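Chain by chain, the residues run as shown.
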Amino acid sequence: MKATINGRAHELPGELTVAALLELLGSPTSGVAVARNDRVVRHSEYSSDVVREGDRLEIIQAVAGG
Amino acid sequence: MGQERLASARVLVIGAGGLGSPALQYLAAAGVGRIGIVDDDAVDDTNLQRQTIFSTGDLGRNKAEVAVERLRGLNPLVAYDPIALRFAADNARELVRLYDLALDCTDRFSTRYLINDACVLEGRADVYGSIFRFDGQVSVFGAAGGPCYRCLYPEAPPPESTPTCAEGGVLGALAGIVGAWQASEALKVLLGIGDPLIGRLALVDSLLARVREVRFERDRDCALCGDHAAIVSIEREAYEGTPPATGVPELDAERLDDALREAILLDVREPHEAVLGSIDGALRIPASQLEARMSELDSAARYVVACRVGAKSLWAVRRLREAGFTRLTHLRGGLLAYAARHAEFEFF
């Protein structure tokens, strides 16, 4: 299944939840926001929100510099 | 009309650094009636690359006070409140309450959560900007009906993965872009014009010269602004810089020389940070190589573990403890805190 992650095309094993996607990518869940098709997925929905074919994902790292 | 409205507005700028410098200049020039500036820090020469409100003649002086001097020259009609304090749990709500909105121009996660929480609890908008290396983020939290920082990031990242601008570097001009954008959002909110970044996060990528936007909503499970909020007041323990340093003995920088009579300094700074200078006899193992080079350490020896500012060393202490090392002390505030007390130790 194809999906775009941070602007790059990726081949994913199939439909998976946002939580599973982060695990697959080895990303922590804290300090991160995930947007699917330009909408941020609520953290409470990481285990239920499903990534589908053609989705555009942004994995956004919180930064604190100022 | 707009000008009169601005003249009666009060804005609190928290952090007079890379973001605060441009934000303050545009807010003062626009004629905001009262501007409070919170910063307990002194101007350092490593700041000048991005903190353009300061000059070489200001080194060592308090940032809030210097900023007010500069801004008076720019617009003497504004009332300025230099607040040379750390924005902390015991003053956060009082300070925020005195102004109509706040700009978060700080440089650490714990303060960002504190600003967000104080603003939501006091019903003030939090105009947020943050930068790191080549990336910036801008949003408006805590506006009536809008989401907050915790809706977007319920938790801060683990401390070892979060170098500061001083450690990781930042493109100075990016601070200008993001800080000026914060001023623009603040003016829009005060004037009630346009479409502020409420429920929208702007992502600035200065390398690709691209700005993207994602939308986010109030999270009904948010610990602060959700339907069953767990955070109803500001409790100091919730905003300690680094989460539970459970039982790691800490050493104050002024006691380092004494401690090193019986212990070895384990310096875990990355090579690019070591321009600061080093201490004779120190063992240098960058945090990124610690796993691979642990065999060079003697578990019977005493070590004082230090990095540049004290975040990576805390991580290193935890990791070494897991590996069975017991005689470890952590240098609080890192080698910067030590350097501040030793003129011969050179800043870069």
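Source: prediction; values computed, not measured.

As a further point, take unusual backbone geometry. Residues and elements named next belong to chain A. Backbone geometry places Asn6, a non-glycine residue, at a positive phi of 45 degrees. Residue placement: Asn6 occurs in the loop between strand E1 (2-5) and strand E2 (8-11). When its relative accessible area of 40% is taken as the criterion, Asn6 is described as partly exposed. Of note, Asp38 is a non-glycine position whose phi angle comes to about 70 degrees, a positive value. Along the chain, Asp38 turns up in the loop between strand E4 (32-36) and strand E5 (39-40).

This part takes up the domain arrangement of chain B. For chain B, the assigned domains read domain 1 (2-239) and domain 2 (250-339). A C-alpha centroid distance of 33 Å is found between domain 1 of chain B and domain 2 of chain B.

In this complex, chain A contributes 20 residues to the contact, which on the side of chain B involves 34 residues. Among the residues chain A hides against chain B, the three largest losses belong to Arg42(A), Val63(A) and Gly66(A). Together they make up 29% of the total. Linking chain A to chain B there are five salt bridges. Counting across the interface, chain A meets chain B through 15 residue pairs in polar contact (both at pLDDT 80 or more). Elements with a minimum of two residues in the side of chain A that touches chain B: E4, E5 and strand E7 (56-61) of chain A. For the side of chain A that touches chain B, the residue count by class is eight nonpolar, seven polar and five charged.

Turning our attention to the packing of aromatic side chains. Residues and elements named next belong to chain B. By the definition in use, this model includes six aromatic pairs over all chains. Each ring, one from Tyr113 and one from Tyr149, has its centre 4.7 Å from the other, and the planes form 45 degrees; the classification is tilted. Taken as a pair, Tyr113 in helix H5 (residues 109-122) and Tyr149 in helix H6 (residues 149-152) lie far apart in primary sequence, 36 residues in all. Here Tyr113 falls in the buried class, since its relative accessible area comes to 6%. On the basis of relative accessibility, which here comes to 0%, the residue Tyr149 falls in the buried class. Centre to centre, the rings of Tyr128 and Tyr149 are 5.2 Å apart; their planes meet at 40 degrees, and the pair counts as tilted. Residue Tyr128 is located in strand E5 (residues 125-132), and its partner Tyr149 is located in helix H6; the two are separated by 21 residues in the primary sequence. Each member of the aromatic cluster is reached from another via a ring pair, and the members are Tyr113, Tyr128, Phe141, Tyr149, Tyr153 and Phe216.

Rules used throughout
Numbers given to residues run from 1 along each chain, matching the order in which its sequence is written. Ligands are numbered from 1 and chains lettered from A, in the order in which they are written. Residues qualify for local features only when their pLDDT is at least 70, as the model is predicted, and side-chain atom pairs are given and counted only at 80 or more; totals for whole chains, interfaces and linings, by contrast, use all residues. In computing side-chain properties, one takes all heavy atoms of the structure into account and sets aside hydrogens as well as water. Secondary structure elements follow DSSP: runs of H or I of four or more residues count as helices, runs of E of two or more count as strands, with numbering from the N terminus. Relative accessibility thresholds used throughout: buried, under 20% of the residue-type maximum; exposed, over 50%; partly exposed, between the two (1.4 Å probe, protein chains only). Domain delimitation follows an automatic or database domain assignment. When checking whether two residues touch, look at their non-hydrogen atoms; a contact exists if any pair is within 4.5 Å. The term buried area means the drop in 1.4 Å probe accessible area that two parts suffer when joined, counted for both and summed. A carboxyl oxygen of Asp or Glu within 4 Å of a side-chain nitrogen of Lys or Arg is what we treat as a salt bridge. Between N or O atoms, a polar contact is any pair within 3.5 Å; within protein, one atom must be a potential hydrogen donor and the other a potential acceptor, and residues adjacent in sequence are included only when both atoms are from side chains. Classification convention: Asp, Glu, Lys, Arg as charged; Ala, Val, Leu, Ile, Met, Phe, Trp, Tyr, Cys, Pro as nonpolar; all other residues, Gly among them, as polar. Each aromatic pair joins two rings of Phe, Tyr and Trp (for Trp, the six-membered one) with centres within 6.5 Å, and gets the label stacked for planes under 30 degrees apart, edge-to-face for over 60, and tilted for any other angle.

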